[in-house]
Amino acid sequence: MRVLGIETSCDETGVAIYDTERGLLADALYSQVAMHAEYGGVVPELASRDHTRRLLPLIQQVLEEAGMQRSELDAIAYTAGPGLVGALMVGASTAHGMARALGIPVLGVHHMEGHLLAPMLEESPPAFPFVALLVSGGHTQLVEVHGLGLYRLLGESVDDAAGEAFDKTAKMLGLSYPGGPQVARLAETGNPGRFRFPRPMTDRPGLDFSFSGLKTHTLTTLRQLEQAGELDDQARADVARAFEEAVVDTLTIKCRRALDDTGLKRLVMAGGVSANQRLRERLATEVAKRNAQVFYPRGRFCTDNGAMIALAGALRLQAGERDETGQMKAVPRWP
Ligand code: KG4
Ligand code: ZN
């Protein structure tokens, strides 16, 4: 079965074709990052308009890359939520229109399920069951995964997502959007010993997270440095380093706890923040100590992409699922 996947939930137009026999046949991505950068964040209306411009040419591109006619597609999967409603509607209406014209099934996929399954696009995919750490711009969750659709939420952020905290910290440090990779780059030249930021909610049981206090802590530290006339480039790098250490440490502590609580030996990480090198290194060390394994997607499949949606859709379609109602779905908030 060859499935076209469409992702338009935020600021990346992602399209891919996944073959249940041969794996990923083609994948293309158009990032709107440069367009939104001057506004310091995603402007929803501009995002929708740009998806409209980019989507059809990208679909044409992946068909050509895969050497296929659109009549050879067996199904279409699209991100139905959560995300920006106007942006979601571009993908949803295109998917439904094409599927209706071609007379093939269509399926709305949960964006976070796409992230969660993304490590399965890699050469040695994780087998079920596993613990998944989902860390993106909108979510921070630990999930116990027993199979497709068999998910138990172990914990999540009670306020900001980890990626959101990275983005806000970047703004405070005068870095441009999206901030995660930039904070990480600045942290490389930071001195790890200069500041120690709190590890929120690690001193009590449970697997929930909180990142908004850390953001306030960063702001207070920067203000104090400024007042003391000490806010130079090195100080900024030291703050970035302390912030990154605190986030990485917090996520690592909770992952360790999740593995211990569930007794599972496989940890999957996905979502934009899973591209963070320091987080990958720390988690690799921790799981090795437990004779466990860690899995993550390659860099380009950590952040939003069409391949993860094509894959999630293909697995669900293979399991017999269909959108029988014929109604397109665009669900901005979808637990
Ligand atoms: O999964 P994603 O592309 O979009 C959402 O579904 O939200 O995640 C984007 C988030 C942004 O907050 C971005 O700053 C963060 O992932 N991010 C990173 C890194 N790369 C992306 N955060 C920390 N370190 C990175 N290397
Ligand atoms: Zn995402």
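Here is what the cut-offs are and how they apply
- Each chain carries its own residue numbering, running from 1 in the written order of its sequence.
- To read the labels, note that chains go from A and ligands from 1, taken in the order they are written.
- Whole-chain, interface and lining totals are the exception, using all residues; otherwise, since this is a predicted model, local features are given only for residues with pLDDT of at least 70 and side-chain atom pairs are given and counted only at 80 or more.
- Note that water and hydrogens are dropped before the side-chain values are worked out from all heavy atoms of the structure.
- If even one non-hydrogen atom of a residue comes within 4 Å of a molecule or strand, that residue is called near it.
- Polar contact is defined as a pair of N or O atoms within 3.5 Å, subject to the rule that within protein one atom must be able to donate a hydrogen and the other to accept it, and that residues adjacent in sequence are counted only when both atoms are side-chain atoms.
- Calculation of accessible area relied on Shrake-Rupley with a 1.4 Å probe; when residues are assessed, cover is drawn exclusively from the protein chains displayed.
- Secondary structure elements are taken from DSSP: a helix is a run of H or I of four residues or more, a strand is a run of E of two residues or more, and numbering for both begins at the N terminus.
- Each axis is a line fitted through C-alpha atoms, taken for helices only over the stretch in contact, and angles between the N-to-C directions span 0 to 180 degrees.
- The scheme is simple: roughly parallel for angles under 35 degrees, roughly antiparallel for over 145, roughly perpendicular for 65 to 115, oblique for anything else.
- Note on contacts: a residue pair is in contact if any heavy atoms of the two residues lie within 4.5 Å.
- Classes in brief: Ala, Val, Leu, Ile, Met, Phe, Trp, Tyr, Cys and Pro nonpolar; Asp, Glu, Lys and Arg charged; the others, Gly included, polar.
- Two strands form a pair only when DSSP identifies at least two bridges running between them.
- Residues enter patches when they are more than 30% accessible in relative terms and free of salt bridges; like-charged ones are connected within 9 Å and nonpolar ones (Val, Leu, Ile, Met, Phe, Trp, Tyr) within 5 Å.
- A pair is scored as a salt bridge if a Lys or Arg side-chain nitrogen falls within 4 Å of a carboxyl oxygen belonging to Asp or Glu.
- Donor atoms (N, O, S) are those found within 2.8 Å of the metal centre, with the cutoff raised to 3.2 Å for Na, K and Ca; water is not part of the atom list, so apparent gaps in a site can occur.
- Site shape is set this way: if four donors have all angles between 85 and 135 degrees, tetrahedral; if opposite donors are over 155 degrees apart and all others between 65 and 115, square planar for four donors and octahedral for six; otherwise irregular.
- A simple rule labels every residue: compare its accessible area, found with a 1.4 Å probe on the protein chains alone, to the largest value its type can have, and call it buried under 20%, exposed over 50%, or partly exposed in between.

Draft legend 1. Region of the structure containing the site of ligand 1. In the neighbourhood of ligand 1, 18 residues make up the surrounding shell, with Gly137, Asp167, Gly180, Gly272 and Asn276 lying closest. The contact in question runs from a nitrogen atom of ligand 1 to an N or O atom on the side chain of Asn276, over 3.1 Å. Out of a free accessible area of 560 Å², ligand 1 has 87% covered by protein chains. Looking at the shell around ligand 1, the elements with two or more residues in it are helix 4 (111-117), helix 5 (162-172) and helix 6 (179-187). Sorting elements by how many residues they give to the shell around ligand 1 places helix 5 first, with three residues.

Draft legend 2. Structural detail: the packing of helix 5 against helix 8 (residues 233-262). Close contact between helix 5 and helix 8 brings their axes to 11 Å; oriented N to C, the two are set at 175°. By the angle between their axes, helix 5 is roughly antiparallel relative to helix 8. Together, Ala162, Ala165, Phe166 and Thr169 of helix 5 and Phe243, Glu244 and Val247 of helix 8 make up the contact between the two elements. A class-by-class count of the residues in the contact of helix 5 with helix 8 yields five nonpolar, one polar and one charged.

Draft legend 3. A look at the sheet that holds strand 7 (residues 140-147). Across the sheet, which stays open at both edges, the five strands sit in the order 8-7-6-9-10 with mixed pairing between neighbours. The strands lining the two open edges of the sheet, one partner per strand, are strand 8 (150-156) and strand 10 (293-295). For this sheet, the mean inter-axis angle between neighbouring strands, taken without regard to orientation, is 25°. Sheet topology places strand 6 (residues 130-135) next to strand 9 (residues 266-270); four bridges connect them, and they run parallel. By the bridge assignment for strand 9, Val131 is matched with Leu267.

Draft legend 4. Structural detail: a nonpolar patch on the surface. Taken together, the side chains of Val85, Met89 and Met328 define a hydrophobic patch exposed on the protein surface, amounting to about 240 Å² of accessible area. With respect to the element layout, Met328 can be found in the segment after helix 11 (307-318).

Draft legend 5. Geometry of the coordination of the zinc ion (ligand 2). Surrounding the zinc ion (ligand 2) are the protein donor atoms His111 (NE2), His115 (NE2) and Asp304 (OD), at 2.0 to 2.1 Å. Metal-centred angles of 95 to 139° between the four donor atoms at the zinc ion (ligand 2) mark the site as irregular. The sequence pattern formed by the donor residues of the zinc ion (ligand 2) is H-x3-H-x188-D. Of this pair, His115 sits in helix 4 while Asp304 sits in the loop between helix 10 (299-302) and helix 11, and the two are 189 residues apart along the sequence. Looking at His115, the relative accessible area reads 1%, which means it is buried. Overall, Asp304 belongs to the buried group, its relative accessible area being 14%.

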